[in-house]
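Working through the structure, step by step
The chain contents come next:
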Amino acid sequence: MKKYKPMLAKTANAPFSSKDWIFEVKWDGIRAISYINKELTIESRNKKELKTNFPELEELTNLTEHAVLDGEIILMRNGKVDFGTLLQRVQASSSKDIKKLQQKYPVLYILFDILEKDGNSLLDKPLIERKKILEETVKEGKNVILSVYAEEKGKEYYTATIQKGLEGVMAKKKNSNYEPGKRSNAWLKIKPTKECDCAIFGYTKGTGNRDETFGALILGLYKEQTPFS
């Protein structure tokens, strides 16, 4: 089974609508490609094996077989995506801590693409066809679900997504091929721009595609010229 680099997206300046595109939620999580064959492998963008830290995703072996899948691992707390707690799970090293965090903060693996099925590459098939194959190939489970997408009405979908407090929207051309490792115009990320003046109090160690920098900043906002966290 061939190994793949994830296809990447460019940035769009504003939301748009088009009958030639589909629109999905842009999740704040960890991008992961999974290989389901005789054994299960789940790799981050920098090739880190994630299966050990997310043992609940072993259920993939009961939901499909002989497939390569692309998706995002996220963690929800109190109805909101919590990237900070997700980082805790990635950074856990002892089996005791991993099990404790798994029970307290289970993750979801949201699948949005399929790259290979039964040894056959699907890279050259149009996205909308790959979506249908994905739905036919993978059953949903407790921790593994399929991404829901909207067609054509990108502006309305973007507005609804932001109102729910989510990060943004991914726009993808229906007829686009999968381009491993390439940042392509066929996939666009659309996010609101937010600005504020903050004081930096610290940071967390980066993991995954952020392992050479930092994971998150600990920031404080100013109140009457006095910083507070």
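In what follows, the structure referred to is the one given above.
Residues numbered from 1 in each chain as written. Predicted model: local features only at pLDDT ≥ 70, side-chain atom pairs only at ≥ 80, totals over all residues. Heavy atoms only, no water.

**Regarding the side chain of threonine 64**
Here threonine 64 shows up in the loop between α1 (60-63) and β5 (67-77). Overall, threonine 64 belongs to the buried group, its relative accessible area being 7%. At 3.0 Å, the side chain of threonine 64 and the backbone oxygen of threonine 137 are in polar contact. For threonine 64, the residues in contact, after removing those within four places along its chain, are Ile36, Leu69, Thr137 and Val138. (Helix = DSSP H or I, 4+ residues; strand = E, 2+ residues; numbered from the N terminus. Buried < 20%, exposed > 50% of the residue type's maximum accessible area, 1.4 Å probe, protein only. Polar contact = N/O pair within 3.5 Å; in protein donor to acceptor, adjacent residues only side chain to side chain. Contact = heavy atoms within 4.5 Å.)

**Details of the pattern of salt bridges**
Inspection of every chain in the model, using the stated rule, returns 15 salt bridges. In this structure, the salt-bridge partner of aspartate 20 is lysine 19, at a minimum N-O distance of 3.5 Å. Between glutamate 167 and lysine 26 there is a salt bridge, with the nearest N and O atoms lying 3.3 Å from each other. Residue glutamate 167 is found in the loop between α5 (154-163) and β11 (168-173), and its partner lysine 26 is found in strand β2 (residues 18-26); the two are separated by 141 residues along the sequence. Take lysine 26: its relative accessible area is 16%, and that puts it in the buried class. (Salt bridge = Lys/Arg side-chain N within 4 Å of Asp/Glu carboxyl O.)

**Here we look at the layout of surface pockets**
The computed volume of the largest pocket comes to approximately 820 Å³. Along the walls of the largest pocket sit 30 residues, with Lys26, Trp27, Gly29, Arg45 and Glu72 positioned nearest its centre. Those elements that place two or more of their residues in the lining of the largest pocket are β1 (8-11), β2, β3 (30-36), α2 (83-91), β11 and β12 (183-190). Split into classes, the residues belonging to the lining of the largest pocket amount to eleven nonpolar, seven polar and twelve charged. (1 Å grid on protein atoms, 1.4 Å probe; cavity = no way out; pocket = protein on both sides within 12 Å on 5 of 7 lines; lining within 4 Å. Points joined across faces, edges and corners; volume = space filled by probe spheres on them. Nonpolar A, V, L, I, M, F, W, Y, C, P; charged D, E, K, R; others polar.)

**Observations regarding empty space enclosed by the protein**
Rolled over the atoms, a probe as big as a water molecule pinpoints where empty space is left. This structure, assessed with the given rule, holds one cavity of 30 Å³ or more. Considered as a void within the structure, the largest cavity measures approximately 40 Å³ in volume. The leading source of residues in the lining of the largest cavity is β3, at four residues. Here the residues of the lining of the largest cavity sort into five nonpolar, one polar and four charged.

**Overview of a nonpolar patch on the surface**
On the surface, Ile200, Tyr203, Phe214, Leu217 and Leu219 cluster together into a nonpolar patch covering about 520 Å² of accessible area. Of all the elements in the fold, those that place two or more residues in the nonpolar patch are β13 (198-205) and β14 (214-223). If one sorts the elements of the nonpolar patch by residue count, β14 sits on top with three residues. Mapped onto the elements, leucine 217 comes out in strand β14. (Patch = residues over 30% accessible without salt bridge, like charges linked within 9 Å, V, L, I, M, F, W, Y side chains within 5 Å. Areas by Shrake-Rupley, 256 points an atom, 1.4 Å probe, with all protein chains shown as cover.)

**Focus: the nonpolar core**
By size, the foremost hydrophobic cluster in this structure holds 32 residues, and its most contacted members are Leu60, Leu69 and Ile73. Dropping the residues within four chain positions of it, leucine 60 is found in contact with Ser34, Ile36, Leu40, Ile42, Leu69, Tyr109, Leu111 and Val144. Counting 13 residues, the second-largest nonpolar core is a separate cluster that includes Ala9, Ile33, Tyr35 and Leu115. (Core = buried A, V, L, I, M, F, W, Y, C linked by side-chain atoms within 4.5 Å.)

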